[in-house]
Amino acid sequence: MDRYDAHTVETKWQRIWDESRAFEVPNPEPGAPRNERKSYVLEMLPYPSGTLHIGHVLVYTLGDVLAHFYRRTGSDVLRPMGYDSFGLPAENAALKEGEHPRDIVERNIVSIRRTMKRLGWAIDWSRELSTHDPEYYRWTQWLFLKFFEAGHTYRKAALVNWCPNDQTVLANEQVRDGHCERCGAEVEARKLEQWFFRITAYADSLLDEMKDLDWPERVLAMQRNWIGRSEGAEVLFRVDELDIDIPVFTTRPDTLFGATFFVLAPEHPLVDRLAEQSPNADEIRTYVRKAGARPVEERAAGTDKTGVFTGFFATNPVNDARIPIWVADYVLMDYGTGAIMAVPAHDERDGEFAERFDLPVKVVIDDDGKLVDSAQFAGLPHDEAAKAIVEWLGSHGRGRPAVSYRLRDWGYSRQRYWGCPIPIVYCDDCGIVPVPEEELPVILPEVEDYKPKGIPPLAQAEDWVRVPCPQCGKEGRREVETMDTFVDSSWYFLRYCDPKNEDAPYDRELADSWMPVDHYTGGLDHSTVHLIYARYFQKVLNELGLSSHREPFKRFFGNGFVTQGGAKISKRVGGAATPDELVESYGADATRLSILFIGPADQDMEWTPSGVEGMQRFLRRLWRLVGEVADNSSAGGAPDDGALARRAHRTIARATDDLGRRQQFHTPIAAVMELVNDLSKAPDDPAARFAAETTVSLIQPYAPHVAEELWERLGHERLWEQPWPQADPAFLEEDTFELVVQVNGKVRDRFRVPADLPEDELVARAKESPKVQAHLNGGEIRQTIVVPRKLVNLVVG
RNA sequence: GCCGAAGUGGCGGAAUUGGCAGACGCGCCGGACUCAAAAUCCGGUUCCCUUCGGGGAGUGUGGGUUCAAGUCCCACCUUCGGCACCA
């Protein structure tokens, strides 16, 4: 038999799959019967600002293994691919290269697609989509209109994170330690009119419906953290001089008697009113201005507290104590009510502030957790006291139980060029007017210069901006902001279900039949952002009657990062081996195997060249052994129940369980390697052909090209369509087993015995062993433990 | 500080329900083939002691439960990830 040559084999089968459209799954005619079992296998779509790196090889090979496995275990498998092609990185790359972002992403898409095909991923290419394609973003805009009509999106002036370098607004999720996640520039606070999705209205749905998700606990925990629900109370403090009540949110109503001062955020709307009537007016206004200009990072750091006294006092509803009202920037306007009661004895931050400004501290909870100095509540354990105090507040009209969230509404306005235009017209008479559905898509116009200058580049396209108001016909102006790309990726999985639809984003019945995604795979860096936004979208679509499902991703597998030479591999790091180079040097199959064999795919892993060399060796060995079996007609006997046949069945059972239930991708490879080792030691076994076929069949999801070639040499065809092998339970049972004999818990002997020996016989044989007797030392056996089919443990005095 | 994950040979890791620790691979050592090398094949490879029969220790640390613990319980250490002036 000839030598294993990866390139010949891989080009041959890639051509056959392409020509036979092997992995396309046509949508059924309406009403036609369809396979009961479906599996929607999806990985996060790539961002075409560069080419693929080895991290992508991991993600898409994971999905590929699952897609093959589920197809061969009887499901209709939907496995599409597309490109998240709008967004900043492409635009920044374009600016650097002096090219149009569209040219850059489209060139990258061609290259990415070629690499994907060279890796032999089983993708339904007929469903390919790009989010920058007007045929796609037309429907992003259409969905925006539905959200707008139903009040799920709105405009408000808000303090935003402004990146001075990228000249755009960033979501909270895109700010890391006060710096822009993408370019690293220090983020500034700015007040701007922005578009928001009302995601906070779904905070409880997002939390409660996690119970329906088969997701890693750590991802769910991150989302819980991110939503940050906390229960407490809202309490009204009276300001007599102004005849107003100011609400505060607290998680510790039990400490109400310990409040010794009161703090407003500098941005609080009442601060202006207080300043007007305060003798300290100038001081207050200066402070507010300074606080606003203070770098976001410095303000969040929590060091050195600052603040200013307003000259006013608030009245504590429980004890009528008059406490001074301060303005301080350690209180945030966009959490709770923007005002707090300060309890320096029981809150670290309030404590620091009190120390800095020499304010009184009053202890109201003792070391046993009981209330002191708190009128009729004194002596109660603090958790009971919290309830009692809230009840008292309620009955006196001064407070009520309340819930607060860390989650903010999703601001998605971007002052950049390369994104989906927001289909809105501003009219002096009619206000904010949506573009009528039939005028979609609002095409992203060409502009002279899309360099960010603080005003959105689309504003330059004067002819495009000026448009008659859809309502009154008077001249209006188009919205010149574009959408965050996370909007594009919040519904793409639905479009895949019906990607060519020209009348709707997708046919609801088709989408309902494929959704939810059964196996979603992607990086843990999207644990909060993309995965929360997509969940939110799905819930709104459900309530708008556009989908039956409330969760988009039933099962999520978060893959680890791949490092090379200790550095995280991303589009920012150069010098790493590229997927194309690996395929060139080792072949697609060896590359695919090596990335999955490194270790558990949900943990970070270091990629080394020696791994792929080992896989190349394994494949050569497999090629030679299977070739020998295929050429040896005498090895073709019916599989008996010999050792090799049993090994093969056990390997099937292990691989099936690992892939289907345990989501473990590296151990099936080890199991198959063991079987190959067994086969190499018994090439003339009557079950040799069966073992060879089993090996080839089980390795197919990982190394589909070489598997297909060997399958053909074994005299069969179209392995990718063959049913996944099934382990025969009769072959899993051994008729002998190795009995382990322990004395006082230490292994002293082991030997094979028939599987059907009764327990007393097992004990008798154990005692007979000379090695065991040496350790028994003639002592009295006080206890005998027998574990069927495993061991005997003799406990002596 | 709060939440989450993880600590096993020289390295990546396996051990699924408490029952033989170290599967599989990498690396290394030895051997075969070769004029030689590469490739390939065969064997060995947790550590310590050994009279070569075997013996002892061992899964981050210290305790505990159990006939039996990598696995369960308690306390702690370290690393990684997330959140954090969020009241």
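Before reading further, recall that the structure is shown in the block above.
Keep in mind that this is a model prediction, so the values were computed, not measured. (Residues numbered from 1 in each chain as written. Chains lettered and ligands numbered in written order. Predicted model: local features only at pLDDT ≥ 70, side-chain atom pairs only at ≥ 80, totals over all residues. Heavy atoms only, no water.)

S.K.: Help me understand the environment of H530 in this model?
M.R.: Residue placement: H530 occurs in helix α17 (residues 529-543). With 41 residues separating them in the primary sequence, H530 and S489 have C-alpha atoms 7.5 Å apart. (Helix = DSSP H or I, 4+ residues; strand = E, 2+ residues; numbered from the N terminus.)

S.K.: Can you walk me through the environment of A653 in this structure?
M.R.: As for its placement among the helices and strands, A653 is situated in helix α21 (residues 643-662). Since its relative accessible area comes to 28%, A653 is described here as partly exposed. Separated by 304 residues in sequence, A653 and R349 have C-alpha atoms that sit 58 Å apart. Filtering out sequence-adjacent residues up to four positions away, A653 remains in contact with A727 and L732. (Buried < 20%, exposed > 50% of the residue type's maximum accessible area, 1.4 Å probe, protein only. Contact = heavy atoms within 4.5 Å.)

S.K.: Before we go on, may I ask you to explain the pattern of salt bridges in this structure?
M.R.: Pairing is possible between side chains that carry opposite charge, provided their charged atoms lie close to one another. What the rule picks out here adds up to 55 salt bridges. We note a salt bridge from R21 to E24, for which the minimum N-O separation is 3.3 Å. When its relative accessible area of 55% is taken as the criterion, R21 is described as exposed. With relative accessibility at 28%, the residue E24 sits in the partly exposed group. In this structure, the salt-bridge partner of R535 is E551, at a minimum N-O distance of 2.9 Å. (Salt bridge = Lys/Arg side-chain N within 4 Å of Asp/Glu carboxyl O.)

S.K.: What am I meant to see in the pairing of strand β25 (residues 519-523) here?
M.R.: The side chains of a regular strand alternate, first on one face of the sheet and then on the other. Counted residue by residue, β25 has five buried out of five residues, so it is predominantly covered. With three bridges connecting them, strand β1 (residues 38-43) and β25 associate as parallel partners. Counted as the bridge partner of V41 is H519 from β25. Across four bridges, β25 lies against strand β26 (residues 556-559) in parallel orientation. Looking at the pairing, G522 lines up with G558 of β26. In terms of handedness, the path from β25 via α17 over to β26 forms a crossover that is right-handed. (Pairing = 2+ DSSP bridges. Right-handed = clockwise from strand over helix to strand, strands pointing away.)

S.K.: What exactly am I supposed to notice about the sheet that holds strand β22 (residues 466-468) here?
M.R.: The pairing of strands in a sheet comes from backbone hydrogen bonds and takes either a parallel or an antiparallel form. One open sheet holds the four strands; their spatial order is β21-β20-β23-β22, and the pairing between them is antiparallel. Of all the strands in the sheet, just β21 (431-434) and β22 have a single pairing partner and so form its edges. Averaged over neighbouring strand pairs, the angle between their axes works out to 40° when direction is ignored. Summarising the sheet, strand β20 (residues 424-427) and β21 pair through four bridges and their orientation is antiparallel. Bridge pairing in β21 links I424 to P434. (Axes fitted to C-alpha atoms, helices over the stretch in contact; angles between N-to-C directions.)

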